[in-house]
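Spelled out from the first residue to the last, the chains are:
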Amino acid sequence: MARKYQTIRTAAWTPVSSESSLTAHYRALPFPEQWREALLDLCNAGRSPQAEPYRTVPTWRLDQVLQALAPDVIVRPRPSFHKNEAPDFWLYTPAEVADPLPGPALRALLSAWLRDLRPEREHRDQRREVEAMLSADPPQWQPVEAELLRCPPTKGGTAAPEARQFQLTTDHLARRILALEPYDSGAGKLHFRAVPRGPRDQGAELVSQPLPWDGKGDRTWWFSVVLNVTLHTVPFQPLPRLHVHTHIRRWATRTSPTTGRLRLPFGRRTSVLLRPRVPWLPGAPASERFAVARLEWNRAAKGIDWVGGGPAGMLADMSLTEPFPDADAVLGAPEDWLADMRAGVVYSTAMGSHEVGAGLMSNQRSQIVRWAEQALPEQLRPAPALEYSRRASTSRPVNVPAKPSKEVEKAAEEVRVAAARRTGAAFALDALDAFAAPDGVNGAPDRQPRLEARLLWQTAEMRDTAIAALVDHLGLKDDGTRLTAEDYESAAPGSPAVLEWDSSELTVRLHCLKLTGPLAGDLSLGEGRPTRAAVTAALSARRGEARAFLGADRTDAVPSLALVEIDRREDFTTPDHDPKFALRLGCADVGVLTQFMAVPKKVKGYNSEKNADFRARKAWDDGLRQLGARVHPEHNLGEQLPDDLQFAAVWMVRKNARSRTRWAGHEPVAVRVVPTHPGAGLARVEGWDRKADNGAGRWIPYPALLLRLTALSEVPAAVPAPRGGEEQPTERPSWWQDMKRQRQETEEWLQKVVRSLRGTPTLLLAHAQNCRSHWTWLQDGQTEQDRIRTGLSVRRLDPDLRLVRVRTARGRETAQWWGVHRDPVNGVNGLPADLWTDPTVAEGTARVFWSTTPKALQFRQSAVEADKLAPRPLQAGPRKGELTVDTDKAAWNPGLVELAVLGCHQADGDDPEALAMAVHQLRQAPDHADALSLPLPLHLAGLAQEYVLPTLADENTTTDPTADTDPDAAEAAGLAQAPEPDSDPEQLSLFATDAVLS
């Protein structure tokens, strides 16, 4: 049968040639550099001598206000002293746009900014002197012509756009899209408006008018279609790329019945799009663009207020043509403000549920992109369609089993899989025994491998479910051994209720203990918002309690595993009261790895009783993987790859430094997967212990690495009380100095890791977005083919080393995509899975490939032809032909993963495409129901984050910090690949407190 999809298209555009040139005319405003020294003196006045002085005048608060009051202005970042960046203009506006900042308005803004910069009374005279200087000689707009496409290549042959092209080029193309006739969805026309983009934002953004959706009951829910245009580069390709991302933005309109206002949790921000009835700045022209402001929980006001625009902000002393919207008014009647788009509050999942489903499916995306392509100037063309790789007869690993079709085949497959799990667990436990054995002792080869596990339960229902799930998951023989309810209830640390099963591969002993007292309850933080010292002390106290609880039930199996039944994060008083991280650290102190599962509950909008069995099975599966029990995907490339090829991965784990300093540090982690039993899918999984052998480092079992990472959590076992009962202020560290130190330490660490891999053919993997800030060689502008830098010098790769960089859709760095149906008239563009190549690159010279995988299991039924905007006929089922609309359905698209073979040895027979195919197959682990978002070694390295930071995902399923998400999404939990989320960047604030619309 012929393939339905022979090619895939990406929503990407490239210049026609390296000579293509596109220019645009602007009026640009320079920063008043003549007063730079006076401004810096004002900023640094009164600062402690130990504090890092300002080297660049901070304008970010003024930039925020410009986005609200002058949305037609493009704000560029201030040139960085540390980066030695070339001079650039501060503000740009297209020459054809009326002056958005008349002289009086600009002077008023600069005065307000200076008052906001140093409001202290003791600096009033100095501030007035600077203000007089600026008033006497204000910056002047200048005509500027900017090149938007042409850019030089790097030494490695990669396009290197100018810094300003990332904003100016995308804004220019977005304006061309706005000039098109409105997009006809079949149920109406979409009228887009631009959203101003600040210096920290990516590219350009267009948002349609709010669209209503009548959900259940009397409620109307609102959403818009969003287009983002961003500029990117691809390694070793001299032409830049423009990506067009299409997604859904949902609007927050549901107020709390208790407060009558929108809910925004403490520590969160959300963006608000605004359209004033008249321009706020006197004398400014009306703009067709939305304005942007941001709301946050304000500690001083004890409520939600505008960021930088409340009573204490810059807008308080400015004379506006009409008052800036009151935050309370918007929060109290969000739907009224949204109706005529005077103010639209961007929804995030922290605000509760939303009946409009997230995302757009592939076919509808392809239609919107085709409409937008009408705006392309002659210098741009769509990126070439990609073809599937023919390096292997199939892109699936050889040990991925075929799906059984008959019941008898399904039963036989379940028996085989359970036996494989026991074999894998026994193999991992043998490796742990060998590691734990005294020097010179080869473990206990005659002893049956023994799995010592603990079940820390709270409800009898989940206890019994978890025990049955373990028996079923490992195919254990139920020999009739039973314990009474009294046995379980009377068990205590040191005297647990024990269940034991024997099989030919291993012995399983399960210690059942009820979590007693407040061990699984709220952390003791008292009333109100806790201080950092209080949180640290509460975590340390609970850590000690957990350590004592499990320490009384020690076994000779280290590391071992505990399955912990505990409430969801949402069920505690606040997220700060969640004790999971403290329990994880306390268990790790006595050599016990942890996996959490939620207490079964049935409440409004949440029912964990119906899937308790599934959650228990998943928890055991994930827990055993922590112990190293994994099935390695075996490639089918034969002699196209070196014999005995092993796989390694590096990952930067973010340290939990936010409670101590402003800047979070990072710790490098390396994982190695060494296939050992061809045909059985067994492999040693190891981690690099940098402190072993007196700092020389060595490879240790992966579970031992996880336990050692808890030392990085920065939550000590005991915390002294702060002096005077208050936290001591700390000076702000130098970010640049700290980053320079971290990069140096990372490259020294890399030198040792790479040296340890010599002598064995190794494929080293690194994740672009995760590692390149610390290992700068991975950056597009730095890397060169077949070379490496792990210190000051660049050198050729070691003969046994291959280097592949993996880049995901995070930050919109890989384009959205769809499979092109072979029937262009009646076919539906879908989501084929394969490894893809660029046919326009000469045979044998390609170094960049793209990987796609099937939809996740729970989204297999999501229709690629789903339409969020207009009714469509159903294609199958008893209602075939009936009209339906998919506005309430969650859409999901696998992300496009870029595989760049940065280094290999083609002269010695290496095939970059075969290496890429091997990495693609590493995403398809046989013991995972769904494909991984990252290759298995990188996936394992990323999961180490759980032992350094608290888990932020629902414990029903595995937290996967490596999850491949749409660029505007939070790291999603529960799937090996995250579902494409609602494209609300505010969801990112789960992981960064300053996440805003970007």
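**Student:** Please explain the overall build of the protein chain as it appears in this structure.
**Tutor:** From N to C terminus, the protein chain includes 19 helices and 40 strands. For the protein chain, long-range pairs separated by at least 24 residues make up 73% of all intrachain contacts whose partners lie at least 6 apart in sequence. In the structure as shown, the protein chain presents an accessible area of about 41300 Å², 50% of it carried by carbon and sulfur atoms.

**Student:** Before we go on, may I ask you to explain the confidence of the model for the protein chain in this structure?
**Tutor:** Low-pLDDT portions of the prediction should not be read for the details of their coordinates. Per-residue confidence for the protein chain gives a mean pLDDT of 86, with 89% of residues at or over 70. When the criterion is pLDDT under 50, residues 657-663 qualifies, and its contacts beyond four places in sequence or with other chains add up to 19 contacts. Under a pLDDT of 50 for its full length, residues 951-998 has, in the predicted model, 188 contacts with residues more than four places off or in other chains.

**Student:** Is there a simple way to explain the nonpolar core in this structure?
**Tutor:** Side chains of nonpolar character tend, in soluble globular proteins, to be buried together. Core analysis: the largest hydrophobic core is formed by 105 residues, its most contacted members being Leu455, Trp501, Leu510, Cys512, Trp620, Val671 and Leu765. Discounting chain neighbours no more than four positions away, the residues touching Trp620 are Ala453, Arg454, Ala466, Ala469, Leu470, Leu510, Leu561 and Leu563.

**Student:** Can you walk me through the pattern of salt bridges in this structure?
**Tutor:** For side chains bearing opposite charge, pairing can occur when the charged atoms are close. A full pass over the atoms with the stated rule returns 67 salt bridges. The partner of Arg197 in a salt bridge is Glu205, and the shortest N-O contact between them spans 3.9 Å. Taken individually, Arg197 and Glu205 each receive the classification buried, so the pair is uniform in this respect. Where Glu898 meets Arg805, a salt bridge forms, and the shortest distance between an N and an O atom there is 3.0 Å. Placement of Glu898 in strand 40 (residues 897-903) and of Arg805 in strand 34 (residues 801-807) is noted, with a sequence separation of 93 residues between them. Judged by relative accessible area, which is 0%, Arg805 ranks as buried. Three or more residues joined by partner-sharing salt bridges are found here, namely Arg772, Asp780, Arg805, Arg807, Glu813 and Glu898.

**Student:** How should the pairing of strand 3 (residues 23-29) be read in this particular structure?
**Tutor:** Here is the key point about a regular strand: its side chains alternate between the two faces of the sheet. In the sheet, strand 3 pairs with strand 6 (residues 142-147) via 6 bridges, with the strands oriented antiparallel. Each residue of the ladder has a partner; that of Ala24, found in strand 6, is Ala146. The pairing of strand 3 with strand 5 (residues 91-94) spans 4 bridges and is antiparallel. Looking at strand 5, one finds that Tyr26 is bridged to Pro94.

**Student:** Would you mind going over the sheet that holds strand 17 (residues 343-345) with me for this structure?
**Tutor:** Across the sheet, 4 strands lie side by side as 16-15-14-17; this open sheet has antiparallel pairing. At either end of the open sheet lies a strand with only one pairing partner, and these are strand 16 (303-306) and strand 17. Recorded for the sheet is a direction-independent mean angle of 30° between the axes of neighbouring strands. Where strand 15 (residues 291-298) lies against strand 16, 4 bridges are found, and the strand directions are antiparallel. Of the residues in strand 16, the one forming a bridge with Glu296 is Asp305.

**Student:** Even after reading the chapter, I still don't get the environment of Asp738, so can you show me in this structure?
**Tutor:** Mapping Asp738 onto the fold places it in helix 16 (residues 735-756). Residues Asp738 and Gly665, 73 residues apart in the sequence, show an inter-C-alpha distance of 8.4 Å. Reaching out from Asp738, the side chain makes a polar contact with the side chain of Arg741 at a distance of 2.5 Å.

**Student:** Quick question: what am I supposed to make of the pairing of strand 11 (residues 211-214) here?
**Tutor:** Side-chain alternation along strand 11 places Leu211 and Trp213 on a buried face and Pro212 and Asp214 on a face that remains uncovered. Bridge count between strand 11 and strand 12 (residues 220-232): 4 bridges; the pairing is antiparallel. Counted as the bridge partner of Asp214 is Thr220 from strand 12. Once strand 11 ends, the chain turns through 5 residues before running back antiparallel as strand 12, passing Gly217 with a positive phi of about 70°.

**Student:** Help me out: how do you make sense of the packing of aromatic side chains in this one?
**Tutor:** Each aromatic ring pair is specified by the distance between its two centres and by the angle formed by the two planes. In total, this model carries 11 aromatic pairs according to the counting rule given. Ring centres 5.9 Å apart and planes at 80° place the aromatic pair Phe89 and Tyr92 in the edge-to-face group. Here Tyr92 falls in the buried class, since its relative accessible area comes to 0%. Each ring, one from Trp280 and one from Phe324, has its centre 4.8 Å from the other, and the planes form 45°; the classification is tilted. In this pair, Trp280 is assigned in the loop between strand 14 (269-274) and strand 15 and Phe324 in the loop between strand 16 and helix 6 (327-332), connecting sequence segments 44 residues apart. When its relative accessible area of 15% is taken as the criterion, Phe324 is described as buried. By way of ring pairs, the aromatic residues Tyr26, Phe89 and Tyr92 are connected into one cluster. Directly above the aromatic system of Trp141 lies the positively charged group of Arg27, at a separation of 5.7 Å from the ring centroid. It is Arg342 that lies over the ring of Trp337; its NZ or CZ is 4.2 Å from the centre.

**Student:** How do you make sense of the sheet that holds strand 27 (residues 646-654) when you look at a structure like this?
**Tutor:** Remark on secondary structure: sheet strands pair via backbone hydrogen bonds, oriented parallel or antiparallel. On the basis of which strands lie adjacent, the open sheet formed by 12 strands has the order 30-29-28-27-31-34-40-37-36-19-1-35 and mixed pairing. Two strands bound the open sheet, and with one partner strand each, they are strand 30 (698-701) and strand 35 (817-821). Neighbouring strand axes in the sheet, compared pairwise and without regard to direction, differ in orientation by 30° on average. Here strand 29 (residues 682-689) runs beside strand 30; their pairing, made up of 4 bridges, is antiparallel.

**Student:** What is the right way to look at the packing of helix 12 (residues 532-551) against helix 13 (residues 580-589) in this model?
**Tutor:** Helices that pack against each other are described as a pair by the angle of their axes relative to one another and the distance between those axes. Running from N to C, helix 12 and helix 13 point in directions that differ by 45°, and their axes come no closer than 7 Å. In terms of their interaxial angle, helix 12 and helix 13 are classed as oblique. Classified by chirality, the crossing of helix 13 by helix 12 is right-handed. Where helix 12 abuts helix 13, its residues Leu539, Arg542, Arg543, Ala546, Arg547 and Leu550 lie against Ala582, Leu583, Leu585, Gly586, Cys587 and Asp589. Partitioned by chemical class, the residues of the contact of helix 12 with helix 13 number 7 nonpolar, 1 polar and 4 charged.

**Student:** Quick question: what am I supposed to make of helix 16 here?
**Tutor:** Counting along an α-helix, one turn takes 3.6 residues, and residues three or four places apart therefore face a common direction. In this model, helix 16 (22 residues) spans 31 Å end to end at C-alpha, consistent with the 32 Å of a helix rising 1.5 Å per residue. Those residues of helix 16 lying buried are Met739, Gln742, Thr746, Glu747, Trp749, Leu750, Val753 and Val754.

**Student:** Just checking my understanding: could you explain helix 3 (residues 103-117) for this structure?
**Tutor:** Taking 1.5 Å per residue as the helical rise, helix 3 with its 15 residues ought to reach 21 Å, and the 21 Å between its terminal C-alpha atoms agrees with that figure. The elements touched by buried residues of helix 3 are strand 3, helix 1 (36-44), helix 2 (60-69) and helix 4 (124-136).

**Student:** How should I be thinking about the environment of Ala45 in this particular structure?
**Tutor:** Within the secondary structure, Ala45 is located in the loop between helix 1 and helix 2. Separated by 78 residues in the primary sequence, Ala45 and His123 have C-alpha atoms spaced 7.8 Å apart.

**Student:** Sorry, what's going on with the environment of Leu360 here?
**Tutor:** Note on placement: Leu360 falls in the loop between strand 17 and helix 8 (362-372). In sequence terms Leu360 and Ala890 are 530 residues apart; their C-alpha atoms lie 8.1 Å from each other.

Rules used in this analysis
Residues numbered from 1 in each chain as written. Predicted model: local features only at pLDDT ≥ 70, side-chain atom pairs only at ≥ 80, totals over all residues. Heavy atoms only, no water. Helix = DSSP H or I, 4+ residues; strand = E, 2+ residues; numbered from the N terminus. Contact = heavy atoms within 4.5 Å. Areas by Shrake-Rupley, 256 points an atom, 1.4 Å probe, with all protein chains shown as cover. pLDDT = per-residue confidence, 0-100. Core = buried A, V, L, I, M, F, W, Y, C linked by side-chain atoms within 4.5 Å. Buried < 20%, exposed > 50% of the residue type's maximum accessible area, 1.4 Å probe, protein only. Salt bridge = Lys/Arg side-chain N within 4 Å of Asp/Glu carboxyl O. Pairing = 2+ DSSP bridges. Axes fitted to C-alpha atoms, helices over the stretch in contact; angles between N-to-C directions. Polar contact = N/O pair within 3.5 Å; in protein donor to acceptor, adjacent residues only side chain to side chain. Phe/Tyr/Trp six-rings, centres within 6.5 Å; stacked < 30°, edge-to-face > 60°. Lys NZ or Arg CZ within 6 Å of the ring centre and 35° of its normal. Parallel < 35°, antiparallel > 145°, perpendicular 65-115°, else oblique. Left-handed = near helix turned anticlockwise from the far one by under 90°. Nonpolar A, V, L, I, M, F, W, Y, C, P; charged D, E, K, R; others polar. Expected span 1.5 Å × (residues − 1).

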